[in-house]
Amino acid sequence: MKKLRTNIDRYFDKLDNRWRRLPLRKQYRYTLYFFTAYLLLTVGVVFKVWYDTAKSRNDMQIEHIENPILKKNENPARLQDTLTTIFKNKLYERK
């Protein structure tokens, strides 16, 4: 684990050195590009949230909660058989 930590630290040190060797003008330009991309992404997300909330009709459908296990298309006879089997096994355990 220490070796992994050391390798990661070394990698980040190399990246930091490469960044510092860049001319200030390029550093400024890259920072401006990343900030612009972040700003566009933020504006896009805010617009999407605003659009979705403006489109909704403020009504909520209330439905019963359904058991996802029972949604499977199983044969009811098979379910009944398993229940009777369980009851029979419990009866035999009591004897």
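This is a predicted model, so every value here is computed, not measured. (Residues numbered from 1 in each chain as written. Predicted model: local features only at pLDDT ≥ 70, side-chain atom pairs only at ≥ 80, totals over all residues. Heavy atoms only, no water.)

Peer 1: So, a nonpolar patch on the surface: which residues are in play, and what are the values?
Peer 2: On the surface, a nonpolar cluster with roughly 680 Å² of combined accessible area is contributed by Met-1, Leu-4, Ile-8, Tyr-11, Phe-12 and Leu-15. Mapped onto the elements, Leu-4 comes out in helix H1 (residues 2-21). For Leu-4, a relative accessible area of 48% corresponds to the partly exposed category. (Patch = residues over 30% accessible without salt bridge, like charges linked within 9 Å, V, L, I, M, F, W, Y side chains within 5 Å. Areas by Shrake-Rupley, 256 points an atom, 1.4 Å probe, with all protein chains shown as cover. Salt bridge = Lys/Arg side-chain N within 4 Å of Asp/Glu carboxyl O. Helix = DSSP H or I, 4+ residues; strand = E, 2+ residues; numbered from the N terminus. Buried < 20%, exposed > 50% of the residue type's maximum accessible area, 1.4 Å probe, protein only.)

Peer 1: Can you explain the pattern of salt bridges? Please cite residues and give values.
Peer 2: Per the stated rule, a full pass over the model turns up three salt bridges. For the salt bridge of Asp-16 with Arg-20, the shortest nitrogen-to-oxygen distance reads 3.0 Å. With a gap of four residues between them, Asp-16 and Arg-20 both fall in helix H1, about one helical turn apart. Classification of Asp-16 by relative accessible area gives partly exposed; the value is 33%.

Peer 1: Quick one: what's the story with the side chain of Gln-27, residue by residue and with numbers?
Peer 2: Take Gln-27: it is sitting in helix H2 (residues 24-55). What Gln-27 contacts, discounting residues up to four positions off in sequence, is Trp-19, Arg-20 and Leu-22. (Contact = heavy atoms within 4.5 Å.)

Peer 1: For the packing of aromatic side chains, give the residues involved together with the corresponding values.
Peer 2: With the rule as written, the count across this model stands at three aromatic pairs. Ring centres of Phe-47 and Trp-50 lie 5.7 Å apart, and the angle between their planes is 35°; on these two criteria the pair is classed as tilted. Taken as a pair, Phe-47 and Trp-50 lie in helix H2 at a separation of three residues, close to a single helical turn. Taken together, the ring pairs in this structure connect Phe-47, Trp-50 and Tyr-51 into an aromatic cluster. (Phe/Tyr/Trp six-rings, centres within 6.5 Å; stacked < 30°, edge-to-face > 60°.)

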